[in-house]
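Architecture at a glance
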Amino acid sequence: MGMLSNYRVIDFTNFVSGPTCTRLLADMGAEVIRIERPDKKKGSGPYLGGERTVDLGLMRGKKSVTLNAKDSEEHEILMKLIKSADVIVENFRPGVTKRMGIDYETIAKIKPDIIYTSISGFGQTSPYKGRGAFDIIIQAMSGFMSVTGERGRKPVRAGISVADICSGIEAAFGTACMLLDREKTGRGNHLDLAMLDTLFATCNNPVTQYLCSGKVATRIGNEHPQDVPWGDFPTADGSFILAVGRTNTYRDLCKVLHCEQYIDDPRFCNDEVRLINKQACHEMVASYTSKWKTADLIDALNKGGIPCATVNTIDEACKDESLIARNMIVTLTHKTAGTYQAPGSPLKFEHDAPHLTKGTPILGENNREVFASIGMTKEEIDALLEKQKKVRTFFPEYAMD
């Protein structure tokens, strides 16, 4: 059932940040009910069985209900559904929920113990709250992008939507904290989470360095600002990643590479001098790693307790022995896409660990079940669904940002 199995979550989210939050709640057993437009159009592909593959991962384990919040009759049903819930999660642009009549202040008057999570680009109180925000915008504004990329070349975005994903994780954590606090105090709460705040906080090391010393971090590619040798190094048939954090590990590295003469070299013998002589140290290490075949070197370094890795492509990562052993690829089922696989949960508890089997719902799949749970009769549900078939308008100001 999961640790959160007694909680009902109303999900007004779209794109990545909000759905990441509610996916984590669903993984832990919460009943997550997505409120979706009756005329919702699918976004861009790729697709599997008519469903977007991104949705097959992000929306797993949830339920789907179709309601038009602008329609007075359907808004009344929505409010009944909200009254039955423990949590609301939304990632509209600030101001949209007020126009919809489902903002925190309005809901708290009728349900004082509601747990309400708002995710937006800049937060409800920011002078930028009216601006649009996508992941790449937040990566740029937060400083994250300025330290991402190779030395001397232009900034680049991370290869995944790191601002969205980190915000979703923080939001899920904050939601769980509010639920725990409600168990102790009985009070509701509102989390106002900004993607810009989140990614700025994620840049903890370079931000703290600047605030304490005035030194502005720059792009250094795969190198480390303090530890040497660190980064990508050549082999006889390719390259690999090496991470040496302390002098004792450096000594072990020299033994594996058969260059013990450099252990006590005054340029490399401790952490401080290796940092000063980073380029020379990297060149020395590269001259030895380039004599090895990658597989042989990785094997020797692992036996020597030295952190290293090849750079896996996604298909190679999906075959990784550790990820398979840790059940990080799960098999899910979907009404039209059939059986498919997706990343599992990294939360490995001794008790009540996530057991993931249910895939993404199709649009409106759970209408009858959910509407019946708030007291609607079969006739009322039939009439509502017939009405939704005929009326396919939804109002653009409620488009999720």
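Residues numbered from 1 in each chain as written. Predicted model: local features only at pLDDT ≥ 70, side-chain atom pairs only at ≥ 80, totals over all residues. Heavy atoms only, no water.

Two elements in contact, helix α10 (residues 247-257) and helix α12 (residues 278-289), have axes separated by 10 Å at closest approach and are oriented at 35°. α12 is crossed by α10, and the crossing has left-handed handedness. Residues Y250, L253 and L257 of α10 touch α12, and the partners they reach there are C281, M284, V285, Y288 and T289. Classifying every residue of the contact of α10 with α12 by side-chain character gives seven nonpolar, one polar and no charged. (Axes fitted to C-alpha atoms, helices over the stretch in contact; angles between N-to-C directions. Helix = DSSP H or I, 4+ residues; strand = E, 2+ residues; numbered from the N terminus. Left-handed = near helix turned anticlockwise from the far one by under 90°. Contact = heavy atoms within 4.5 Å. Nonpolar A, V, L, I, M, F, W, Y, C, P; charged D, E, K, R; others polar.)

Attention now goes to the packing of aromatic side chains. Enumeration over the complete set of coordinates arrives at seven aromatic pairs. Relative to Y116, the ring of Y104 lies with its centre 5.8 Å away and its plane at 75°, an arrangement referred to as edge-to-face. Pair noted here: Y104 is in helix α5 (residues 104-110) and Y116 is in strand β7 (residues 115-120), with a separation of twelve residues, a long-range link. Note on Y104: relative accessible area 19%, which makes it buried. For the ring pair F122 and Y128, a centre distance of 5.6 Å and an interplane angle of 85° mean the geometry is edge-to-face. (Phe/Tyr/Trp six-rings, centres within 6.5 Å; stacked < 30°, edge-to-face > 60°. Buried < 20%, exposed > 50% of the residue type's maximum accessible area, 1.4 Å probe, protein only.)

With that settled, the discussion passes to the pairing of β7. Two faces belong to every sheet, and in a regular strand the side chains alternate between them. The buried fraction of β7 amounts to six of the six residues, a majority that puts the element mostly inside the structure. Side-chain alternation along β7 places I115, T117 and I119 on one buried face and Y116, S118 and S120 on a second face that is also buried. Where strand β6 (residues 87-90) lies against β7, four bridges are found, and the strand directions are parallel. Bridged to E90 within β7 is S118. Strand direction decides the pairing type here: β7 and strand β8 (residues 189-194), joined by six bridges, are parallel. Of the residues in β8, the one forming a bridge with Y116 is H190. (Pairing = 2+ DSSP bridges.)

With that settled, consider unusual backbone geometry. Along the chain, G45 connects to P46 via a cis peptide bond; the corresponding omega equals 10°. Relative to the assigned elements, P46 resides in the loop between β2 (31-36) and β3 (47-48). Positive phi values are uncommon outside glycine, yet H258 reaches one of about 60°. Along the chain, H258 turns up in the loop between α10 and α11 (271-276). Taking the relative accessible area as the measure of exposure, H258 reaches 55% and is therefore exposed. Although it is not a glycine, N327 sits at a positive phi angle of roughly 55°. Along the chain, N327 falls in the loop between α15 (321-325) and β12 (329-334). The exposed category is assigned to N327, whose relative accessible area is 53%.

Let us now look at a nonpolar patch on the surface. Together, F15, Y128, F134, I136, I137 and M141 make up an exposed nonpolar region whose accessible area comes to about 540 Å². We classify F134 as exposed; its relative accessible area is 51%. (Patch = residues over 30% accessible without salt bridge, like charges linked within 9 Å, V, L, I, M, F, W, Y side chains within 5 Å. Areas by Shrake-Rupley, 256 points an atom, 1.4 Å probe, with all protein chains shown as cover. Salt bridge = Lys/Arg side-chain N within 4 Å of Asp/Glu carboxyl O.)

Overall, parallel pairing links the six strands, which are arranged β5-β2-β1-β6-β7-β8 in an open sheet. The open sheet is flanked by β5 (63-66) and β8, the only strands paired with a single partner. On average, each strand axis in the sheet is inclined to that of its neighbour by 20°, with strand direction left out of account. For strand β1 (residues 8-12) and β2, the ladder comprises four bridges, and the chain directions are parallel. If you follow V9 over to β2, its bridge partner there is V32.

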